[in-house]
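Architecture and fold: a report
Read off the chains here:
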Amino acid sequence: MRRFLLLYATQKGQAKAIAEEIHEQAAAHGFSADLHCISESDEYDLNTETAPVVVVVSTTGTGDPPDTARKFVKDIHDKTLPADFFAHLRYGLLGLGDSEYTYFCNGGKVIDKRLQELGARHFYDTGHADDCVGLELVVEPWIAGLWTALTKHFKSSGGQEEMNGALPSASNTLLKPEMLHMESQIELLRLDDSRGRDSEVLEQGEVNRSDSSTSVKELEPSLVRSIPPLSQASLSIPALPPEYLQVHLRESLGQEESQESVTSLDPVFQVPISKAIQLTADDAIKTTLLLELDISTTGFSYQPGDAFNVICPNSDSEVHSLLQRLQLADQREHRVFLEIKADTKKKGAVLPQHVPEGRSLQFILTWCLEIRSIPKKAFVRALADYTSDSAEKRRLQELCSKQGASDYALYVRDAAACLLDLLLAFPSCHPPLGLLLEHLPKLQPRPYSCASSGLCHPDKLRFVFNIVEFPKSEAVVLRRGVCTGWLATLADPLLQPNTEASQADNREDWAPKVSISPRAVNSFHLPSDHSAPVIMVGPGTGIAPFIGFLQHREKLQEQHPDGSFGAMWLFFGCRHKDRDYLFREELQHFLARGILTHLKVSFSRETPVGEAAALAKYVQDNLQLHSQELARLLLEEDGCIYVCGDAKNMAKDVNDALAEIISREAGVDKLEAMKTLATLKEEKRYLQDIWS
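Here the structure is a predicted model, which means the values were calculated and not measured. (Residues numbered from 1 in each chain as written. Predicted model: local features only at pLDDT ≥ 70, side-chain atom pairs only at ≥ 80, totals over all residues. Heavy atoms only, no water.)

**A closer look at the overall build of the chain**
The condition that has to hold: Only DSSP runs of H or I with at least four residues qualify as helices, and only runs of E with at least two residues qualify as strands; both kinds are numbered from the N terminus onward. Throughout, exposure labels follow a simple rule: accessible area from a 1.4 Å probe, protein chains only, divided by the maximum for the residue type, with under 20% read as buried, over 50% as exposed, and the rest as partly exposed. Contacts were defined at the residue level, with two residues in contact if any of their heavy atoms lie within 4.5 Å. Each accessible area is a Shrake-Rupley result for a 1.4 Å probe, and residues are judged covered by the shown protein chains and nothing else.
When helices and strands are counted, the chain shows 22 helices and 24 strands. When each of the 692 residues of the chain is scored for burial, the buried share is 51%. Considering only residue pairs separated by 6 or more positions, the chain has 79% of its internal contacts joining residues 24 or more positions apart. Of the accessible surface of the chain, which amounts to about 31,800 Å², a share of 49% is contributed by carbon and sulfur atoms.

Written as structure tokens, this is what we have:
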């Protein structure tokens, strides 16, 4: 068996799941994969590795490698390493990212670039998968081409790697995924029939002859039905993932359950909500809340600009609906115990670490599993096998097939359909509980930016959020965001009008509580040199960390009246002046006191009054209007620029505006301007806290 080393660096589990898929397929293609998390440095040694290496790397934050790769990245960036340190390595790398962020797939790119600098060479071209349009669009053909690339790598070295580590020259071993998919299919034909159910081709006529009289041409396509040519096509569907979990439900002895230990995060603090304020008018398009947490009895500390995690549950009503649909409502209090099936064909199967033993079924569905997650194609494929109605089964097979990729994108991924949506849409689908526990990922904590300073609000932590609402579609019901909907419900009894005048009465005995944990240290902080100019760009709730900045600066200036403090510019944007102008009074206060030296506000839905207002619909427009001043602050006065908010449009548009400003004001071309921005980022003078 030809061996290769398979490493993954994951933040939320996607890279791990893809690596496990590669691991599953390896044997069927005549390979043996040693699978390890990249953080498990005691399990592998790249310094002496002679086999080819395959790496799957995700990206987190605004372009950082995942937490599990931090030590690895630090180690390989040791400046004392010689340029030929990894000259013996041949590798292929698959990066995961989201093109809504400026630094797309940067986690993988950082590792890829450094391995190259240390002498390692590709045996297979790097793939960059985009979660914005669907990871599978790159992941599936990349994996399909991997087997031919590995085969050619071993052939070119005479099959000697297993014995003496001889390596091929790099002259003609680099292969591109798009060139290899067909070769991969041909290669499969040369293998023994050990591949089992790696793929199936289904003829439409084999599935549902009884419904031939139904005229689907008259129906519109949807989640539950297709139209020609898909409805009449032969389907290539993915391999059926081997099941591996055996579930035992045991009656509860009546013991109480706490939320403790539902997360691997450490430390976790349970704190009461001491204040809740609605920052927007009732007729605003989005409802924005500010919550204040009392951290006085904890060891939790933070700086303005930090972010923290909120550990949240799934909606009670959705958990109840899921239990009802699974016909497990009467067993919701039963304790769940798992073991690996003795006859499983899944290699290296392990129990999911995010499912604690001996907890109730309701607890696990509420606190441990991301039941809102969009089902991957492998999950849809598995659900099809538990669907008795032939038309419903066919449709699920279409959604996970190569031919149905656009339908999957439109009706599942883009519609944010979840498991419950599929189960309600396909009533004859009755999956076992074990299948759900195998495929539903861990319920992730939600990050929020701190919107306060401990100098201004001792023992308090504030944060701001929009209550997320997902529109209803044919198959997806109207829902609030998992965390924001829960927080809004908790805050409702404390909700006050948009005023700082009234403090919540002493209700700590019944105040709702939330569990929070600190996030990894970041650099989104005010400059240590107080005299450095600060430019803040934060439309909508992106203003949150800058309120903390301004509160902090106000207290520092009170404490050091003779100190030298740089200018502070804020570019804020919202839709309407009288509906969603967040922190309006506070900003006017900071402006009047000279803490905030320049406040530039854009109103995207207001009728513009005056030429400047007409030109400044969004924050990036206002940046352009102050091009000369901003270029001077950044290029001549060592200023720092901070951007917080939406990654999908705003962050890209702001980045483009900055590049245009530098190009115009410094008299350089666009490429040189982009290099200048990259330098500012490296110097921690261009910082982003963005989300999709």
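Next comes the rest of the write-up.
**Here we look at the side chain of Thr 60**
As for its position among the elements, Thr 60 is in the loop between strand E3 (53-57) and helix H2 (70-76). Those residues within four positions of Thr 60 in sequence are excluded, and the remaining contacts are Gln 11, Pro 65 and Pro 66.

**Things to note about the sheet that holds strand E22 (residues 598-603)**
As a reminder, the rule being used: We call two strands paired when DSSP finds no fewer than two bridges between them. Think of each axis as a best-fit line through the C-alpha atoms, taken over the contacting stretch in the case of a helix, with angles from 0 to 180 degrees between the N-to-C directions.
An order of E22-E21-E20-E23-E24 is seen for the five strands of this open sheet, with the pairing classed as parallel. The sheet terminates laterally at E22 and strand E24 (686-691), the two strands that pair on one side only. For this sheet the average axis-to-axis angle between neighbouring strands, irrespective of direction, equals 10°. Here six bridges tie strand E23 (residues 640-646) to E24, and the two strands are oriented parallel to one another. Note that in E24 the partner of Ile 641 across the bridge is Tyr 686. The sheet contacts of helix H20 (residues 627-635) involve strand E20 (534-537), strand E21 (568-574) and E23, and relative to E21 the element is tilted by about 130°.

**Observations regarding the pattern of salt bridges**
Where side chains of opposite charge bring their charged atoms close, a pairing between them can arise. Note the threshold: Salt bridges are defined by distance alone: a side-chain nitrogen of Lys or Arg within 4 Å of a carboxyl oxygen of Asp or Glu.
For the structure on display, the rule yields 27 salt bridges. Note that Glu 24 is salt-bridged to Lys 346, the shortest N-O span being 3.3 Å. Of this pair, Glu 24 sits in helix H1 (residues 14-26) while Lys 346 sits in the loop between strand E13 (335-340) and helix H9 (361-367); the two residues are 322 residues apart in sequence, bridging distant segments of the chain. For Glu 24, a relative accessible area of 21% puts it in the partly exposed group. Residues Arg 579 and Asp 283 are paired through a salt bridge, measuring 3.7 Å at the closest nitrogen-oxygen approach. Taken together, the residues span a long stretch of sequence, with Arg 579 in the loop between E21 and helix H17 (584-592) and Asp 283 in the loop between strand E10 (269-278) and strand E11 (288-294) at a distance of 296 residues. We classify Arg 579 as partly exposed; its relative accessible area is 31%. Taken together, the shared-partner salt bridges in this structure form one network comprising Glu 318, Arg 372, Asp 421 and Arg 479.

**Some points on the packing of H1 against helix H4 (residues 136-156)**
Heads up, the rule is: A crossing counts as left-handed when the near helix is turned anticlockwise from the far one by less than a right angle, and as right-handed when that turn is clockwise. Just so you know the grouping, Ala, Val, Leu, Ile, Met, Phe, Trp, Tyr, Cys and Pro go in nonpolar, Asp, Glu, Lys and Arg go in charged, and all remaining residues, Gly too, go in polar.
H4 packs onto H1 with a crossing angle of 35° between their chain directions and a minimal axis gap of 11 Å. The two elements H1 and H4 meet at a crossing, and its hand is right-handed. Residues Ile 18, Glu 21, Ile 22, Gln 25 and Ala 26 of H1 form the contact with H4, whose participating residues are Val 139, Trp 142, Ile 143, Leu 146 and Trp 147. By residue class, the composition of the contact of H1 with H4 is eight nonpolar, one polar and one charged.

**Looking at unusual backbone geometry**
The amide bond that connects Pro 228 to the next residue, Pro 229, takes the cis arrangement and shows omega of 10°. Relative to the assigned elements, Pro 229 resides in the loop between helix H7 (204-207) and strand E8 (235-237). Although it is not a glycine, Phe 583 sits at a positive phi angle of roughly 60°. We classify Phe 583 as buried; its relative accessible area is 5%. In the Ramachandran plot, Lys 684 falls in the positive-phi region, its phi being about 60° despite a non-glycine side chain. If you trace the backbone, Lys 684 turns up in the loop between helix H22 (670-682) and E24.

**Re the side chain of His 23**
Residue position: His 23 is located in helix H1. A relative accessible area of 14% means that His 23 is categorised as buried. Beyond its immediate sequence surroundings of up to four residues, His 23 is in contact with Leu 6, Ala 33, Leu 35 and Lys 347.

**Re H22**
So the rule is basically this: Expected span of a helix, by definition, is 1.5 Å for each gap between consecutive residues, and there is one gap fewer than residues.
Between its terminal C-alpha atoms H22 stretches 18 Å, which fits the 18 Å expected from 13 residues at 1.5 Å a residue. Those residues of H22 that are buried lie in contact with H20, helix H21 (647-666) and E24. Downstream of H22 by a residue or two, Lys 684 has a phi angle that is positive, lying close to 60°.

**Focus: the confidence of the model for the chain**
Rule in force here: Summary of the metric used: pLDDT quantifies the predictor's per-residue confidence within the range 0 to 100.
Summary statistics for the chain give a mean pLDDT of 87 and a share of 86% for residues scoring 70 or more. By mean pLDDT, the top-scoring element of the chain is E20 (98), and the lowest-scoring one is helix H5 (residues 161-164) (38). Counting interchain partners and residues more than four positions distant, the pLDDT-below-50 stretch residues 159-173 has 25 contacts. The low-confidence segment residues 178-199, where pLDDT is below 50, has 31 contacts with residues more than four positions distant or belonging to other chains.

**Focus: the nonpolar core**
Stated formally: Throughout this description, the term nonpolar core refers to a set of buried Ala, Val, Leu, Ile, Met, Phe, Trp, Tyr and Cys residues connected via side-chain atoms within 4.5 Å.
The biggest cluster of nonpolar side chains holds 51 residues, and the ones touching the most others in it are Leu 223, Leu 322, Leu 365, Leu 369, Leu 419, Phe 426 and Leu 437. Listed in part, the 32 residues of the second largest apolar core include Ala 544, Ile 547, Phe 583 and Phe 603.

**So, the packing of aromatic side chains**
The line we're drawing: A pair of Phe, Tyr and Trp rings is counted when the ring centres sit within 6.5 Å of each other, with Trp represented by its six-membered ring. The angle between the planes then sorts it: under 30 degrees is stacked, over 60 is edge-to-face, the rest tilted. In this analysis the charged atom, NZ for Lys or CZ for Arg, is taken to sit over a ring once it is within 6 Å of the ring centre and within 35 degrees of the ring normal.
All chains considered together, the criterion is met by 23 aromatic pairs. Between Phe 123 and Tyr 124, the ring centres sit 6.4 Å apart and the planes meet at 25°, which makes this aromatic pair stacked. Of the two residues examined, Phe 123 and Tyr 124, each falls in the buried class. Here the aromatic rings of Phe 300 and Tyr 302 are separated by 6.4 Å at their centres, their planes lie at 40°, and the arrangement is tilted. On the basis of relative accessibility, which here comes to 8%, the residue Phe 300 falls in the buried class. Within the aromatic cluster, the residues linked to one another by ring pairs are Phe 269, Phe 300, Tyr 302, Phe 308, Tyr 448, Phe 463 and Phe 465. Its guanidinium or amino end placed over the ring of Tyr 408, Lys 377 lies 5.4 Å from that ring's centre, counting from NZ or CZ.

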